[in-house]
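# Report on the structure
This is what each chain is made of:
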Amino acid sequence: KQMFIEIEQEKNMPVHVVCVDNLEGAKPLPKYEWATDKHVIMIFGHEGSGIDKDVLELGDDLVYAPNYGSCRSLNVSVAAGIFMADYCAKTLSQL
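Residues numbered from 1 in each chain as written. Predicted model: local features only at pLDDT ≥ 70, side-chain atom pairs only at ≥ 80, totals over all residues. Heavy atoms only, no water.

## Focus: the packing of aromatic side chains
Stated formally: Any two of the Phe, Tyr and Trp rings considered here, Trp counted by its six-membered ring, make a pair once their centres fall within 6.5 Å; the pair's planes then place it as stacked at under 30 degrees, edge-to-face at over 60, or tilted in between. Burial classes: relative accessible area under 20% of the type maximum marks a residue as buried, over 50% as exposed, and values in between as partly exposed (1.4 Å probe, protein chains only). Numbering of helices and strands runs from the N terminus; a helix is a DSSP stretch of H or I covering at least four residues, while a strand is a stretch of E covering at least two.
With the rule as written, the count across this model stands at four aromatic pairs. Between the aromatic rings of Tyr32 and Trp34, the centroid separation amounts to 4.9 Å while the plane-to-plane angle is 90°, which identifies the pairing as edge-to-face. Owing to a relative accessible area of 7%, Trp34 belongs among the buried residues under this scheme. Seen in terms of ring centroids, Trp34 and Tyr87 are 5.3 Å apart; in terms of plane orientation they differ by 90°. Their pairing is edge-to-face. Here Trp34 is found in the loop between strand S2 (27-28) and strand S3 (39-44), whereas its partner Tyr87 is found in helix H3 (residues 76-91), with 53 residues between them in sequence. Looking at Tyr87, the relative accessible area reads 24%, which means it is partly exposed. These aromatic residues form a ring-pair network of at least three members: Tyr32, Trp34, Phe44, Phe83 and Tyr87.

## Description of the pattern of salt bridges
Short version of the rule: One speaks of a salt bridge when a side-chain nitrogen belonging to Lys or Arg is within 4 Å of a carboxyl oxygen belonging to Asp or Glu.
As enumerated under the stated definition, the model contains two salt bridges in all. Across the salt bridge formed by Lys27 and Asp61, the nearest N and O atoms sit 2.8 Å from each other. Of this pair, Lys27 sits in strand S2 while Asp61 sits in strand S4 (residues 61-64), and the two are 34 residues apart along the sequence. The shortest N-O distance in the salt bridge between Asp86 and Lys90 comes to 3.1 Å. One end of the pair is Asp86 and the other is Lys90, both in helix H3 and four residues apart, which spans about a single turn.

Rendered as structure tokens:
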């Protein structure tokens, strides 16, 4: 958490932290509205164990990418590509 506070203070850059994991209570990506008034930091967890509990507590939002079939999760590089593409598609037109 100190890292995020330092970013905001040192760089005068407000941030919005989005944790990406398919845990209970997470918001589905297709319906998620990205913050446009702050810089967004996305946190992706380990492909097997996800995001550490301590790190999850730092997040402003918890979001997941719905998937279908028997797979529980996506490869982290695939998930990162999906989330960054969604961020760009939903926010670039608002800049």
